[in-house]
Amino acid sequence: MHCEELIGRITDYLEDTLDNAGRRRFEAHAARCPSCATHVEQMRVTISIANQLEEEAIATDVLETLQRAFLGWKAQRK
């Protein structure tokens, strides 16, 4: 696995939707690539912080912008 592939599959990894072979390849790459290991940890921290936010704490326009960005990104992945 190369760094670009790891980045493209990080959501699948963190959501535990990779098959066993994909998970092993992902973890093997992260174990030998400090940059990717850091990226995975940063994503875990970001998700943890975001999960602590309450929807009411986010301004409506910011929430709408984030939702549009995510939906656009998700559509590009298909």
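Residues numbered from 1 in each chain as written. Predicted model: local features only at pLDDT ≥ 70, side-chain atom pairs only at ≥ 80, totals over all residues. Heavy atoms only, no water.

In this section: the environment of T46. On the secondary structure map, T46 appears in helix α3 (residues 34-52). Given the relative accessible area of 46%, T46 is considered partly exposed. Of the polar contacts made by the side chain of T46, one reaches the backbone oxygen of Q42; its length is 2.8 Å. (Helix = DSSP H or I, 4+ residues; strand = E, 2+ residues; numbered from the N terminus. Buried < 20%, exposed > 50% of the residue type's maximum accessible area, 1.4 Å probe, protein only. Polar contact = N/O pair within 3.5 Å; in protein donor to acceptor, adjacent residues only side chain to side chain.)

So, on to the nonpolar core. Judged by nonpolar contacts, M1, L6, I10, Y13, L18, F26, A30, C33, C36 and V40 together constitute the single largest core of 10 residues. Of all the secondary structure elements, the ones that give two or more residues to this core are α1 (3-14), α2 (20-32) and α3. Sorting elements by how many residues they give to this core places α1 first, with 3 residues. Contacts of L6, omitting those with residues within four sequence positions, involve M1, F26, H29, A30, C36 and V40. (Core = buried A, V, L, I, M, F, W, Y, C linked by side-chain atoms within 4.5 Å. Contact = heavy atoms within 4.5 Å.)

Below, the discussion takes up the side chain of R23. Along the chain, the position of R23 falls in helix α2. For R23, the side chain forms a polar contact with the main-chain oxygen of Y13, separated by 3.0 Å. Leaving out residues up to four positions away in the same chain, R23 has contacts with Y13, D16 and L18.

The contact between α1 and α2 brings their axes to 10 Å, and the two run at 125 degrees. Judged by the angle between their axes, α1 and α2 are oblique. Remark: the crossing between α1 and α2 carries left-handed chirality. Contact residues: α1 offers C3, E5, L6, R9, I10 and Y13, while α2 offers G22, R23, R25, F26, E27, H29 and A30. (Axes fitted to C-alpha atoms, helices over the stretch in contact; angles between N-to-C directions. Parallel < 35°, antiparallel > 145°, perpendicular 65-115°, else oblique. Left-handed = near helix turned anticlockwise from the far one by under 90°.)

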